[in-house]
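# Structure assessment
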There are 2 protein chains.
Amino acid sequence: MAREHQATLHDVARTAGVSQATASRVLNGSIRNVRQENVDRVLAAAAELNYAPHLSAQAIARGSTNTVALVVSGVDDPYFASIAGGVTQAAEAAGLIVTMAVADRSPERELQIVRTLRGMRPRAIILTGSRIDGTDTRHALVEELDAYREAGGSVVLISQHDLPFRTVSIDNYGGARQLARALVGLGYRRFAMVRAGAGLRTSRDRCKGFVEGLSEFGIDIDERFVVEAEFSRRGGCAAARELVQRGLDGTELVFAVNDVMAIGVMTAFRDAGLVPGQDVAVAGFDDIGPAVDVDPALTSVTVPLRQVGVRAMQLALSDDDASRIVPVSTNVVLRGSTPGR
Amino acid sequence: MAREHQATLHDVARTAGVSQATASRVLNGSIRNVRQENVDRVLAAAAELNYAPHLSAQAIARGSTNTVALVVSGVDDPYFASIAGGVTQAAEAAGLIVTMAVADRSPERELQIVRTLRGMRPRAIILTGSRIDGTDTRHALVEELDAYREAGGSVVLISQHDLPFRTVSIDNYGGARQLARALVGLGYRRFAMVRAGAGLRTSRDRCKGFVEGLSEFGIDIDERFVVEAEFSRRGGCAAARELVQRGLDGTELVFAVNDVMAIGVMTAFRDAGLVPGQDVAVAGFDDIGPAVDVDPALTSVTVPLRQVGVRAMQLALSDDDASRIVPVSTNVVLRGSTPGR
DNA sequence: CGAGGCCGGGAAAACGCATTCCGCTGCGGG
DNA sequence: CCCGCAGCGGAATGCGTTTTCCCGGCCTCG
């Protein structure tokens, strides 16, 4: 029993007393028929030896893998976790195995990852949360992805619709704009904004939408009340502290470009002795799970993250080029963190 | 440029004017030396052709992959997300690629996944959050893992120390026991408990620790105040509703076996008009990020989830069998959700 | 000046599997 | 009775690497 090697197809064939070809035919449901007797013997042998086909060997023999690569910028973030959940769900439904890599918010790392991943010859590479805009690795990344696609792979981006690849496009702009309108509707007039670095497309779009939504009503946000921070809970905290230090100065509501930041903002406010929703309203974006668990519940913009993941996977697998961009719409949801005034 | 195939080592060798063997030697830093001139030519050719070695082919030729498999029971859960983060971090540090599969809380699915994963010949399989206890798939799973290990793979479990594999063992029992003591110290006497199904080892251990911690003080929990629910936020909500329906009846504190459930409990209480921490205290376990974002902040037991992931990976890679079990200690942290009485 | 050792290069085998092609058997029809 | 054909098993080939083995040239030492 203590053979150091896993059973190979050869072994199975030998103990079944048939040829490799026959064994292969029965084990992977080839088109050709095999006599029932042999089928049984092979199956029995496979079971006895606990045979599991060597996926790499299959990949090399068939010329294609059943692997999908997913690149996220951080797993801890519920945003990516949800998307990853959707992707794996759809992948497993399609019989694919997903390998995940974490870029950790670094464009260089992302490039390196894609390079490695390409060697794996995955059926698709799904990229989410990349922040390549304006970096000098951007060109290299695009080139790499292009080469990959040229070779028959399929590339799917999430919310990077200005790159020449298929993308699932979350309506960040529209959602933020709607949010701005809704908040003005509630009576808010003086806003602050917490955003991420300029390299992050998602953040940019949301800011733009929000600002333009406000400007419909002739409202604008003073430069002083726009603070840039890390795209994370910690970043949100830091930003909120920065804001109270600068002096809130009549600010009625702070909009953070995503929920994890918004939640960070809320707790930082609370730590500073301010009651969120009462002393200062807070709104976020994404409507991640925990948004309803904080008190008051966080006003946000729902984006069906899991759906996004599923769509991305489907988009990756579809071969018609007609729908290069799959739009995903978003929905404002008002909660206790932004009471009417 | 539009060749349908990726560049192969053969191509590189040809355009460099050397043999495949030489190309291989320079590209993977073999022990043997290659003349500098040839090194340069091969490197140039590789860069020009944008060559990426076919990992499957390498795997097959070398007889080993640089892949690690991670099985979690759900990505959306921050518990697993954090562990996954640690695992990928450590894996990438070791130059390994991690492929993740989601068992979705089903033992059968888990078994099937392990079976598939084995075909990938990963260096290690890391299993977390499995709930095989008492199921009939348990034996099959163990057998499968055994066969895998027999063949040279390494298996690491997280908090399943009664199975004959290496495991990172979180001190669930001790942490819960400490928590119980601390809470009694705060003046609490009447407890309710929200736990998950009996198949989940982690839940069992925590319950046991908590109950035994209480019994040190002659306190026990009435059967009526123990409710079993899904191991998720939703489950926590449901459990809390169940509790209020049964009648809290003087219950001072409800302990949920993990934070996501505890948070669910808190919001469900709030929805029912109860103020968490004031009308009824709540304590959880894990100290996941959001624990400090809810209001009042959640009393919990810190477990260094990311560390757990890192350790698991290291344990998987180490080849000395001395330390089959790596203990990870936990730490009670009291917060606003359990004010002193 | 010759033998042996060392260094670097290439041909080829091997890895585990899928698949194509070939040949055998057995059947039915002419 | 023979031919053709369908059906099925097996040998062989190929996939992209690594690695072993061999070979030629050069250097060194005797």
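Model, not experiment: these values are computed from the prediction.

### Points about the sheet that holds strand β9 (residues 281-283) of chain A
All names here are of chain A. In spatial order, the strands read β7-β6-β8-β9; together these four strands make up an open sheet with parallel pairing. Every interior strand has two partners, whereas the edge strands, β7 (226-228) and β9, have only one. Pairs of neighbouring strands in the sheet enclose a mean axial angle of 20°, with direction left out of account. Both strand β6 (residues 191-195) and β7 contribute to a ladder of three bridges, which runs parallel.

### Points about the interface of chain A and chain B
Chain A puts 56 residues into the contact, and the matching count from chain B is 56 residues. Area buried by chain A at its contact with chain B is led by Gln6, Arg121 and Asp293 of chain A, which between them contribute 14% of it. Counting every contact that joins chain A to chain B gives eight salt bridges. One salt bridge in this structure joins arginine 306 of chain A and aspartate 76 of chain B, with 3.2 Å as the shortest N-O distance. Broken down by class, the residue content of the side of chain A that touches chain B amounts to 26 nonpolar, 15 polar and 15 charged. Sheet analysis places strand β2 (residues 97-102) of chain A next to strand β2 (residues 97-102) of chain B, joined by three bridges and oriented antiparallel. Its bridge partner lying in β2 of chain B, threonine 99 of chain A is registered against threonine 99 of chain B.

### Quick word on the protein's contact with DNA strand C
The full set close to DNA strand C counts 29 residues, and Leu9 and Gln58 of chain A together with Arg25, Arg32 and Asn38 of chain B are the nearest of them. Counted by atom, the contact set of DNA strand C within 4 Å of the protein is 58% sugar and phosphate. Between DNA strand C and asparagine 28 of chain A there is a distance of 3.2 Å, counted from a phosphate oxygen to a side-chain nitrogen or oxygen. Of all the elements in the fold, those that place two or more residues in the surface near DNA strand C are α2 (20-27) and α4 (55-62) of chain A together with α2 (20-27) and α4 (55-62) of chain B. Take the surface near DNA strand C: its biggest share by element is five residues, from α4 of chain A. Along the lines of polarity and charge, the residues of the surface near DNA strand C split into 12 nonpolar, 11 polar and six charged.

### Considerations on the state of the cysteines
All names here are of chain A. Taken as a whole and judged by the stated rule, the model has zero disulfides over all chains. With no disulfide partner, cysteine 207 has as its closest neighbouring cysteine sulfur the one in cysteine 237, 18 Å distant. Residue class for cysteine 207 comes out buried when judged on its relative accessible area of 7%.

### Some words on the relation of the copies chain A and chain B
Mapping chain A onto chain B is achieved by rotating through 180° and translating by 0.0 Å along the same axis, at an RMSD of 0.1 Å. The transformation relating the two chain copies, once decomposed into turn and shift, fits a two-fold axis. The rotation axis passes nearest to the C-alpha of threonine 99 of chain A in chain A, at a distance of 1.9 Å. Comparing contact sets, 100% of the residues at the interface of chain A also lie at the interface in chain B, consistent with an isologous, same-surface contact.

### Let's talk about helix α8 (residues 172-185) of chain B
Residue and element names in this part refer to chain B. An ideal rise of 1.5 Å per residue puts 20 Å on 14 residues; α8 measures up with 20 Å between its terminal C-alpha atoms. Buried within α8 we find Asn172, Gly174, Gly175, Ala176, Leu179, Ala180, Leu183 and Val184. For α8, the N-terminal capping position is held by aspartate 171, with its side-chain oxygen 2.9 Å away from the main-chain nitrogen of glycine 174. Phi turns positive, to about 110°, at glycine 187, one or two residues after α8.

### Observations concerning the protein's contact with DNA strand D
Taken together, 29 residues are adjacent to DNA strand D, and Arg32 and Asn38 of chain A together with Leu9, Gln20 and Ser24 of chain B come closest. Take the atoms of DNA strand D that sit within 4 Å of the protein: sugar and phosphate atoms are 54% of them. With respect to DNA strand D, the side chain of threonine 22 of chain A contributes an N or O atom lying 3.2 Å from a phosphate oxygen. Within the side chain of glutamine 58 of chain B, an N or O atom sits 2.9 Å from a phosphate oxygen of DNA strand D. Counting only elements with at least two residues in the surface near DNA strand D, the list comes to α2 and α4 of chain A together with α2 and α4 of chain B. Examining the composition of the surface near DNA strand D, we find that five residues originate from one element, α4 of chain B, more than from any other.

### Comments concerning the sheet that holds strand β1 (residues 67-72) of chain A
In sheet architecture, strand pairing relies on hydrogen bonds along the backbone and comes in two forms, parallel and antiparallel. Overall, mixed pairing links the 12 strands, which are arranged β11(A)-β5(A)-β4(A)-β3(A)-β1(A)-β2(A)-β2(B)-β1(B)-β3(B)-β4(B)-β5(B)-β11(B) in an open sheet. At either margin of the open sheet sits one strand with a lone partner, and together these are β11 (325-328) of chain A together with β11 (325-328) of chain B. Each strand axis lies, on average, 20° off the axis of its neighbour in the sheet, ignoring direction. Pairing of strand β1 (residues 67-72) of chain B with strand β3 (residues 124-128) of chain B, which is carried by four bridges, proceeds in the parallel orientation. The partner of leucine 70 of chain B across the bridge, within β3 of chain B, is isoleucine 126 of chain B. Against the sheet, helix α6 (residues 107-119) of chain A engages β1, β2 and β3 (124-128) of chain A together with β2 of chain B, with an angle of about 150° to β2 of chain A.

### Details of the domain arrangement of chain A
Looking at chain A, the domain boundaries give domain 1 (9-53), domain 2 (65-170 + 306-328) and domain 3 (172-304). Computed from C-alpha atoms alone, the centre-to-centre distance between domain 1 of chain A and domain 3 of chain A is 61 Å.

### Looking at the nonpolar core
Of all hydrophobic cores here, the largest spans 162 residues; its most connected members are Phe191 and Phe210 of chain A together with Phe191 and Phe210 of chain B. With residues up to four places along the chain from it excluded, the contact list for phenylalanine 191 of chain B reads Leu183, Val184, Phe210, Leu214, Ile219, Ile221, Phe225, Thr251 and Leu253 of chain B.

### Concerning the pattern of salt bridges
One pass over the full model with this rule turns up 46 salt bridges over all chains. Lysine 208 of chain B is the partner of glutamate 212 of chain B in a salt bridge, and the nearest nitrogen-oxygen pair spans 3.7 Å. Here glutamate 212 of chain B pairs with lysine 208 of chain B, and both are found in helix α9 (residues 201-215), just four residues apart, close to one helical turn. Given the relative accessible area of 26%, glutamate 212 of chain B is considered partly exposed. One network of salt bridges, with partners in common, ties together Arg177, Arg181, Lys208, Glu212 and Glu216 of chain A.

### Observations concerning the packing of aromatic side chains
Residue and element names in this part refer to chain A. Evaluation of the coordinates by the stated rule reveals six aromatic pairs over all chains. Centre to centre, the rings of phenylalanine 210 and phenylalanine 255 are 4.1 Å apart; their planes meet at 15°, and the pair counts as stacked. One end of the pair, phenylalanine 210, is in helix α9 (residues 201-215); the other, phenylalanine 255, is in strand β8 (residues 253-256), and 45 residues separate them in sequence. Classification of phenylalanine 210 by relative accessible area gives buried; the value is 0%. By relative accessible area, phenylalanine 255 is classed as buried at 0%.

### Things to note about the environment of aspartate 146 of chain B
Residues and elements named next belong to chain B. When you line up the elements, aspartate 146 lands in helix α7 (residues 137-150). A relative accessible area of 27% places aspartate 146 in the partly exposed class. On a C-alpha basis, the gap between aspartate 146 and arginine 25 in space is 36 Å, while along the polypeptide they are 121 residues apart.

### Section: the environment of alanine 176 of chain A
All names here are of chain A. Within the element layout of this structure, alanine 176 appears in helix α8 (residues 172-185). For alanine 176, a relative accessible area of 0% gives the class buried. Sequence separation between alanine 176 and alanine 151 is 25 residues, and the spatial gap between their C-alpha atoms is 38 Å. Excluding anything up to four places from it in sequence, alanine 176 contacts Arg206, Gly209, Phe210 and Phe285.

Cut-off values and rules
Residue indices begin from 1 for each chain and proceed along its sequence in written order. A letter from A marks each chain and a number from 1 marks each ligand, given out in the order of writing. With the structure being a predicted model, the display of local features is reserved for residues of pLDDT at least 70 and the display and counting of side-chain atom pairs for 80 or more, all residues being used for whole-chain, interface and lining totals. Side-chain metrics in this entry use all non-hydrogen atoms of the structure; hydrogen atoms and water are not considered. Think of it this way: DSSP has to see at least two bridges between two strands before they count as a pair. For helices the rule is a DSSP run of H or I covering at least 4 residues; for strands it is a run of E covering at least 2, with both sets numbered from the N terminus onward. Interaxial angles span 0 to 180 degrees and are taken between N-to-C directions of axes, which are lines fitted to C-alpha atoms, for helices over the stretch in contact. The contact rule is simple, with two residues in contact once any of their heavy atoms fall within 4.5 Å. Here the buried area means the combined drop in accessible surface, using a 1.4 Å probe, for two parts upon being joined, counting both sides. Salt bridges are defined by distance alone: a side-chain nitrogen of Lys or Arg within 4 Å of a carboxyl oxygen of Asp or Glu. Gly is placed with the polar residues, together with every amino acid not listed as nonpolar (Ala, Val, Leu, Ile, Met, Phe, Trp, Tyr, Cys and Pro) or charged (Asp, Glu, Lys and Arg). Here a residue is considered near a molecule or strand provided that any single heavy atom belonging to it is located within 4 Å of it. Polar contact is the term for a pair of N or O atoms within 3.5 Å; when the atoms are in protein, one must be able to donate a hydrogen and the other to accept it, and sequence-neighboring residues count only if both atoms are side-chain atoms. The rule for a disulfide is simple: a pair of cysteine sulfur atoms within 2.5 Å. The buried label goes to any residue with under 20% of its type's maximum accessible area, the exposed label to any with over 50%, and the partly exposed label to all in between, with areas taken from a 1.4 Å probe on protein chains only. Fitting of the copies onto one another was done by least squares over C-alpha atoms, counting residues only where both copies have pLDDT of at least 70. One less than the residue count of a helix, multiplied by 1.5 Å, gives the span that helix is expected to have. What fixes the domain bounds is an automatic or database domain assignment. We call a set of buried residues a nonpolar core when its members are Ala, Val, Leu, Ile, Met, Phe, Trp, Tyr or Cys and they connect through side-chain atoms within 4.5 Å of each other. Pairing of aromatic side chains requires ring centres within 6.5 Å, counting the rings of Phe and Tyr and the six-membered ring of Trp. Pairs whose planes differ by under 30 degrees are stacked, by over 60 edge-to-face, and all others tilted.

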